[in-house]
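Spelled out from the first residue to the last, the chains are:
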Amino acid sequence: VVVAAAVGGIGWQAVRATHAERLATERSEVADEQTRIANAVNAFLQSILSAGDARNGGNPGITVREALDNAASTVGERFAGEPLVEAGIRRVIGDTYRSLGLPAEALEHLEASVALYRAHAPETDPLRLQAVGDLAILYDDMNRKADAAALYAEDLRLRRVVDGPEAESTLVAEVNYAGVLLVAGDLEGAERAYASCLARMREALGEENTNTIVTMQHLADLYTRLRRDDEAE
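Computed from a predicted model, the values in this text were never measured in an experiment. (Residues numbered from 1 in each chain as written. Predicted model: local features only at pLDDT ≥ 70, side-chain atom pairs only at ≥ 80, totals over all residues. Heavy atoms only, no water.)

A.B. asks: Give a description of the environment of L181 that names residues and reports values.
C.D. replies: By the secondary structure assignment, L181 is in helix α8 (residues 168-183). The buried category is assigned to L181, whose relative accessible area is 18%. Distance from L181 to A193, taken between C-alpha atoms, is 8.9 Å for residues 12 residues apart in sequence. (Helix = DSSP H or I, 4+ residues; strand = E, 2+ residues; numbered from the N terminus. Buried < 20%, exposed > 50% of the residue type's maximum accessible area, 1.4 Å probe, protein only.)

A.B. asks: Residues and numbers for the packing of helix α4 (residues 83-99) against helix α5 (residues 103-120), please.
C.D. replies: It is the contact of α4 with α5, at a shortest axis distance of 7 Å, that shows an interaxial angle of 155 degrees. The orientation of α4 relative to α5 falls into the category roughly antiparallel. In terms of crossing hand, the pair formed by α4 and α5 is left-handed. For the pair formed by α4 and α5, the contact residues are P83, L84, E86, A87, G88, R90, R91, I93, G94, D95, Y97 and R98 on the first element and E105, A106, H109, L110, A112, S113, L116, Y117 and H120 on the second. Grouping the constituent residues of the contact of α4 with α5 by class yields 10 nonpolar, five polar and six charged. (Axes fitted to C-alpha atoms, helices over the stretch in contact; angles between N-to-C directions. Parallel < 35°, antiparallel > 145°, perpendicular 65-115°, else oblique. Left-handed = near helix turned anticlockwise from the far one by under 90°. Contact = heavy atoms within 4.5 Å. Nonpolar A, V, L, I, M, F, W, Y, C, P; charged D, E, K, R; others polar.)

A.B. asks: Outline the pattern of salt bridges, supporting the account with residue identities and numerical values.
C.D. replies: For the coordinates displayed, the defined rule picks out 18 salt bridges. Here R65 ties to E105 by a salt bridge, and the two come within 3.4 Å at their closest N and O atoms. Pair noted here: R65 is in helix α2 (residues 64-72) and E105 is in helix α5, with a separation of 40 residues, a long-range link. Here E166 and R200 are joined by a salt bridge, their closest N and O atoms 3.2 Å apart. Separated by 34 residues along the polypeptide, E166 in the loop between α7 (145-162) and α8 and R200 in helix α9 (residues 187-204) bring together distant segments of the chain. Given a relative accessible area of 43%, E166 falls into the partly exposed group. On the basis of relative accessibility, which here comes to 18%, the residue R200 falls in the buried class. (Salt bridge = Lys/Arg side-chain N within 4 Å of Asp/Glu carboxyl O.)

Written out as structure tokens, the structure is:
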């Protein structure tokens, strides 16, 4: 019996060790893949930045918009068969177009990025979450409130799982969703959400954190709208 128990214990330890080794290998492979993707994205962005460098055969008169347009037109061809690399590059291109005040151009790439991530990456992939959040903000900017609301809800649900309920990214996602409630006319729900987020941000992030200040402003605006001037002040 003792021998059998010992053999059984050794066997279980071997199973656990094998499982731990497999998990370590999987994590290493994921890290290697993420590094490869990041390097590919960086190399692509560097090619955009060097488009105006005459020392490298570039055109010194080219604008950022022109360099971005030229690069964006080749993404699908250059990264055929590498969907996650393409997804990462399209997200960066979309964010850049948005920062240039070009929402229509940004929309094409951010929607493509989210579609690629949904097809080829798990729900909890951090880069996929970033792409979903970026597209939600763009929809909001374009006054596509229903589309934004669906993505804000998705982002919040997954942030709670991936980052934890009290992480800064999750709290920001909650603030974004509170804005959805506000637009939908649920003023009480929006007030509860803003107040809850503000209290937790003050505790976790501090009064001077940018997201704490932005949330404070949202809540003050809502109190003003509700004619609760003392609380707003």
